[in-house]
Amino acid sequence: MNSSTAIHTDNLCRHYQMGDTLIRAVDGISLQVRSGEFVALLGTSGSGKSSLLNLVAGLDRPTSGKVIVQGRDLAELSREGLAKHRLHGVGMVFQSFNLIPSMTLMENAELPMRFAEVDRDKREGLARKSLERVGLSARIRHRPMELSGGEQQRASLARALINQPKLLLADEPTGNLDSRTGAEIMNLIREFNESLGMTVVMVTHERALAERYAKRMIFLADGKLIEDQPNATPTGASRGGGL
Amino acid sequence: MTLYDSTELALRNLRESLLRNSLTTIGISVGVASLVAMLSLGIGLQQLAGRRLQKSGLFDTVVVSSRRDLRSYNREQEENGPAPAESPVLDESARQKISQLPHVLEAYPDIRFITQLQFEDKPHLSMVSGLPPSARSNDAFDGMQGSFFSAESAAEAILQKSFAEELLGKTPKAGGDDVNVATLARPLLGKKLVMQYAERTASTAQSGGGDNSAAYSVVSHQLNLTIVGIADLDPDSMRGPTRARVFIPLGLAESLHVMQPNDLRDTTRSAGASAAYTTVSVRLKSPKDIPVIEDAVKKMGFNTFSIIDATKSLQQFFAVLDIFLGIFGSLALAVASIGIVNTLVMAILERRREIGIMKALGASDRDVKGLFFAEAGAMGIIGGLVGVALGWTIGHAINLGTNVYLRRLHFPPEQIWSVPWWLVIGAIVFSVIVSLVSGLYPASRAARLDPVQALRYE
């Protein structure tokens with residue numbers, strides 16, 4: 001592992017006890033993701049891709065094995081340390097957007113800066129800039145419910161970038177969107193990957209989507225890594241390309 | 001997250017579930033209100049009792065009487081000390097001795113006699129009492145119309161309000177509106193009052209006895225007094241001198257040698273000896289000196305009386321009353337605190353997903369805990385403020401109601417309710433503390449929430 005390694009897992013396991021049965025959500029996965037990579041985690045429902053993403057995000061702790069993200073062994077971090085990792089180390093987008101419905105887009109985008117205790121005077125400007133970047137400057141005073149799915153996902157992207165993390169974790173980011181809107185979102189994610197040099201790990205069950213945008217595809221089944229293949233020439237490489 | 005941000009988010013969250021949070025806050029308000037209303041009444045009653053006692057002027061006074069006076073104030077004292085017949089006479093030399101004791105401001109005799117006073121040719125009967133110059137600063141003479149005596153032996157009189165009413169032929173109606181002292185004073189100040197009195201003078205007549213034979217004459221005199229003041233004194237006050245309705249300067253009263261009630265009991269005593277007093281009032285620098293002086297005076301062979309014991313037991317009574325009122329008041333707040341716990345636990349269930357989102361975005365356990373704490377605290381502050389206002393209103397209403405009732409029973413109105421600053425601040429602080437303690441469990445529960453589980457929650 002060197003400084004250009006964004007994510008390193010070694011025999012990573014996450015097992016759950018459900019009644020009498022032991023569920024091996026992540027079962028001995030070892031992999032490395034270099035900084036600036038765009039990786040797609042593929043697999044059917046229950047294959048463990050979201051569980052792996054949660055471990056990398058620091059939302060969950062491994063049962064055994066190592067998960068080192070940007071040089072930090074997450075298994076050894078305290079709850080406070082994990083919170084700091086989520087705050088500064090990663091940005092997350094979800095299938096269901098996960099914006100707070102009672103807050104305007106501006107307030108939603110500002111929220112991680114509140115946790116990071118960024119100066120109040122700077123916050124509004126940064127949030128506005130971030131929302132402008134995703135093309136929502138006209139919607140900053142709207143609440144999530146007043147927006148389309150695509151707009152909500154763009155807002156959640158703006159929020160994920162607000163504390164300038166090096167790693168973007170996307171869990172089915174287009175799962176709730178039609179194909180045209182999904183493509184817009186994917187283009188934005190690719191732009192962050194290319195222009196900002198962010199490492200992107202995207203969970204999806206759509207192989208076609210992964211082939212269009214990701215530079216590397218990792219296939220999971222039953223919590224195990226079954227295939228790890230590079231995708232040298234993503235087919236949707238051109239800007240504005242459809243799915 | 002900073003406290004400011006926590007508070008801001010907390011207030012926003014409280015606004016989101018306005019009805020439920022308002023009901024919880026009203027619960028706290030009612031709790032605080034009952035606490036404030038109960039304690040304000042307790043404090044008000046205590047102050048009322050204190051005021052009454054203060055007005056009596058007996059807080060810093062020891063009344064000394066001779067053991068020879070068998071109607072002594074305190075029968076218990078007769079069991080100790082010299083037998084009455086062997087005890088010293090309370091005369092001028094005894095008074096001087098007492099006045100030289102440490103911590104004593106002054107010791108003055110209580111000279112009182114019932115006599116006839118003539119005003120505009122109409123006779124009136126009243127108790128007349130001598131007032132020492134120090135009485136000028138007595139609370140009892142607050143709001144007096146006219147002026148105090150111009151000199152120690154001036155032929156001047158201060159009238160008690162009811163006597164002034166009698167002189168003017170205005171019989172006070174029971175329960176009717178109080179007549180203003182100023183309106184009474186206007187026609188009376190500067191007018192003449194003719195006092196008749198009986199002077200006791202040593203008689204030169206020899207009655208065949210020895211040298212110690214006591215012979216004296218009682219001579220009737222008249223004295224013109226000028227009315228200089230009308231005072232709104234309470235005729236039922238505990239203080240001896242104020243039971244009188246006409247006051248003259250003590251120096252004048254002494255110089256008149258008016259026949260005193262105890263002269264009749266002391267008929268065998270030599271008239272040539274200096275005057276014996278019924279009682280001597282001893283004013284002290286501070287009420288805390290009362291026990292010392294009482295001891296010293298008792299050693300001299302006199303009886304003493306002070307109300308220090310009465311005030312002690314009174315203070316104890318009010319301390320107990322306040323505790324009970326406080327406990328009853330707090331019960332409502334305890335019930336309200338359960339409401340806070342319930343509301344916040346409900347909020348956790350409702351906002352599970354939101355908590356998950358915040359944690360995914362990087363909120364620490366402390367941030368989440370702080371947020372719920374701030375919500376509990378905000379409900380506590382708002383509930384405290386509204387509660388104090390409500391308690392104030394309730395106390396005020398009880399006071400008004402009581403006064404209406406008192407007036408119907410023909411008693412003067414009284415302030416039985418008092419909200420001191422410390423109660424206002426204390427109640428708000430107490431409300432916040434209770435709310436924060438109630439928020440402890442919900443806040444730590446919210447902080448412990450597993451973000452993965454919480455995000456899965458729909």
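Residues numbered from 1 in each chain as written. Chains lettered and ligands numbered in written order. Predicted model: local features only at pLDDT ≥ 70, side-chain atom pairs only at ≥ 80, totals over all residues.

A. Structural detail: helix α4 (residues 120-133) of chain A. Residues and elements named next belong to chain A. Under the 1.5 Å per step criterion, the end-to-end length of α4 is 21 Å for 14 residues, consistent within 8% with the ideal 20 Å. Those residues of α4 that fall on the buried side of the exposure criterion are Arg123, Ala127, Ser130 and Leu131. Looking down the long axis of α4, one finds its buried residues gathered within 95° of arc, a one-sided arrangement. Exposed side of α4, more than 90 degrees from the buried face: Asp121, Lys122 and Gly125 are the residues found there. (Helix = DSSP H or I, 4+ residues; strand = E, 2+ residues; numbered from the N terminus. Expected span 1.5 Å × (residues − 1). Buried ≥ 20, exposed ≤ 12 C-beta atoms within 10 Å, placed from the backbone. Arc of directions from axis to C-beta.)

B. Layout of the sheet that holds strand β7 (residues 167-171) of chain A. All names here are of chain A. Strand order across the open sheet formed by six strands is β6-β7-β8-β3-β9-β10, with mixed pairing between neighbours. For this open sheet the edge positions go to β6 (90-93) and β10 (224-230), each flanked by a neighbour on one side alone. The mean angle between the axes of side-by-side strands here comes to 15°, regardless of whether they run parallel or antiparallel. Where β6 meets β7, four bridges bridge the pair, whose relative direction is parallel. Within the sheet, the bridge partner assigned to Met92 lies in β7 and is Leu169. (Pairing = 2+ DSSP bridges. Axes fitted to C-alpha atoms, helices over the stretch in contact; angles between N-to-C directions.)

C. Examining the pairing of strand β9 (residues 246-249) of chain B more closely. With four bridges joining them, strand β4 (residues 122-131) of chain B and β9(B) adopt parallel strand pairing. Counted as the bridge partner of B:Val128 is B:Val246 from β9(B).

D. Examining the interface of chain B and chain A more closely. At the junction of the two partners, chain B supplies 17 residues and chain A supplies 18 residues. The set of elements that each furnish at least two residues to the side of chain B that touches chain A consists of α1 (3-16), α10 (352-360), α11 (365-408) and α13 (451-456) of chain B. (Contact = placed C-beta atoms within 7 Å.)

E. Region of the structure containing α1(B). Here α1(B) is 14 residues long and its end C-alpha atoms lie 20 Å apart, about the 20 Å a rise of 1.5 Å per residue gives. If you check which residues of α1(B) are buried, you get B:Asp5, B:Ser6, B:Leu9, B:Ala10 and B:Leu14.

F. Main features of the pairing of strand β9 (residues 216-221) of chain A. Residue and element names in this part refer to chain A. Alternating positions in β9 separate cleanly, Arg216, Ile218 and Leu220 being buried on one face and Met217, Phe219 and Ala221 remaining unburied on the opposite face. Here β9 runs beside β10; their pairing, made up of six bridges, is antiparallel. Note that in β10 the partner of Phe219 across the bridge is Glu227. Linkage of β9 to β10, two consecutive antiparallel strands, is achieved through a turn of two residues, within which Asp222 is found at a positive phi near 50°.

G. Expanded view of the environment of A:His85. All names here are of chain A. Secondary-structure assignment places His85 in helix α2 (residues 79-89). Look at His85 and you get buried, because 22 C-beta atoms sit within 10 Å. In the structure, His85 is positioned 80 residues away from Pro165 in sequence and 9.5 Å away in space, judged by C-alpha atoms. Once you skip the residues sitting within four places of it in the chain, His85 turns out to touch Gly58, Val69, Arg72, Leu74, Leu77 and Val90.

H. Broad picture of the packing of α4(A) against helix α5 (residues 149-161) of chain A. Residues and elements named next belong to chain A. Remark: α4 packs on α5, axes separated minimally by 9 Å, with the N-to-C direction vectors making an angle of 135°. In terms of their interaxial angle, α4 and α5 are classed as oblique. Crossing angle aside, the handedness with which α4 passes α5 is right-handed. Across from Ser130, Leu131 and Arg133 in α4, the residues of α5 making contact are Ala155, Ala158 and Leu161. Looking at side-chain class alone, the contact of α4 with α5 contains four nonpolar, one polar and one charged residues. (Parallel < 35°, antiparallel > 145°, perpendicular 65-115°, else oblique. Left-handed = near helix turned anticlockwise from the far one by under 90°. Nonpolar A, V, L, I, M, F, W, Y, C, P; charged D, E, K, R; others polar.)

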